[in-house]
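Chains, contacts and geometry: an overview
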Amino acid sequence: MTAPQTTGPRVTRRRVRTRANLLDAAFAVFAAKGFGRVSIEEVCEAAGYSRGAFYSNFASLDELFFALYRERADLIARQVADALAGDGPDLDVPASVDRVTEVLLLDLDWLLVKTDFLVHAARDPDVARTLLDHRARLRGAIADRLARARGHTPLPAVLGDTDSAAYAVVAAYDGVTTQLLLDKDVARARAWLKQLLTALLTDGSAHPE
């Protein structure tokens, strides 16, 4: 009788672990040296793997970056969802913004890596389109939450529809995190983000304390 195959699950777990280790090592190297200044060999060396291990998981450093991007985007989505979990259809904007900005990921190393990659994408139309797709999904998630609340909590007319409001929210986040990259003041960034989002999403009658 043929013995049962037991290598499949082990290989799967090993591959998942290898991929995770490559992502962790790449993030550390990108943060230290800057995306665009790091080779696949350097990522492999930092992770302790061969080029073969890299190419069995990623076709390029661009693909690896987008895997990191999805991880961070999923983390932010979970943070926002958890912060808003207690909300019903009504959206108490100041209270919701307060909860979201208290927990939102503002990691300086990630912001630095993401900014490096943005410059890289700006010079490569194919990469830029992929990055735009990822950003569009983030805006879509924000627009969906605003749309579900809109029937109960009106948005300022100047924002137009929920898609425009989502653009404004992402733009506010981008502006605050650009300043954060320079002054490294996370507490101030959270305070500014809270003020900007509250001002954007209300008629001006609600002011954060």
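Coordinates for the structure precede this section.
What counts and what doesn't
Residues numbered from 1 in each chain as written. Predicted model: local features only at pLDDT ≥ 70, side-chain atom pairs only at ≥ 80, totals over all residues. Heavy atoms only, no water. Helix = DSSP H or I, 4+ residues; strand = E, 2+ residues; numbered from the N terminus. Buried < 20%, exposed > 50% of the residue type's maximum accessible area, 1.4 Å probe, protein only. Expected span 1.5 Å × (residues − 1). Salt bridge = Lys/Arg side-chain N within 4 Å of Asp/Glu carboxyl O.

**A look at the environment of aspartate 144**
As for its placement among the helices and strands, aspartate 144 is situated in helix H7 (residues 125-150). The class of aspartate 144 is partly exposed, set by a relative accessible area of 41%. Through-space distance from the C-alpha of aspartate 144 to that of aspartate 163 is 8.5 Å; in sequence the pair is 19 residues apart.

**Observations concerning helix H6 (residues 108-122)**
An ideal rise of 1.5 Å per residue puts 21 Å on 15 residues; H6 measures up with 21 Å between its terminal C-alpha atoms. All of the buried residues in H6 are Trp110, Leu111, Val113, Asp116, Phe117 and Ala121.

**Notes on the pattern of salt bridges**
Summed over the entire model, instances satisfying the criterion amount to six salt bridges. Two residues, glutamate 41 and arginine 51, come together in a salt bridge whose shortest N-O distance is 2.1 Å. Within this pair, whereas glutamate 41 is found in helix H2 (residues 40-47), its partner arginine 51 is found in helix H3 (residues 51-55), the two being separated by 10 residues in sequence. Judged by relative accessible area, which is 40%, glutamate 41 ranks as partly exposed. Given the relative accessible area of 36%, arginine 51 is considered partly exposed.

Geometric descriptors of this kind do not, in isolation, establish any biological role.
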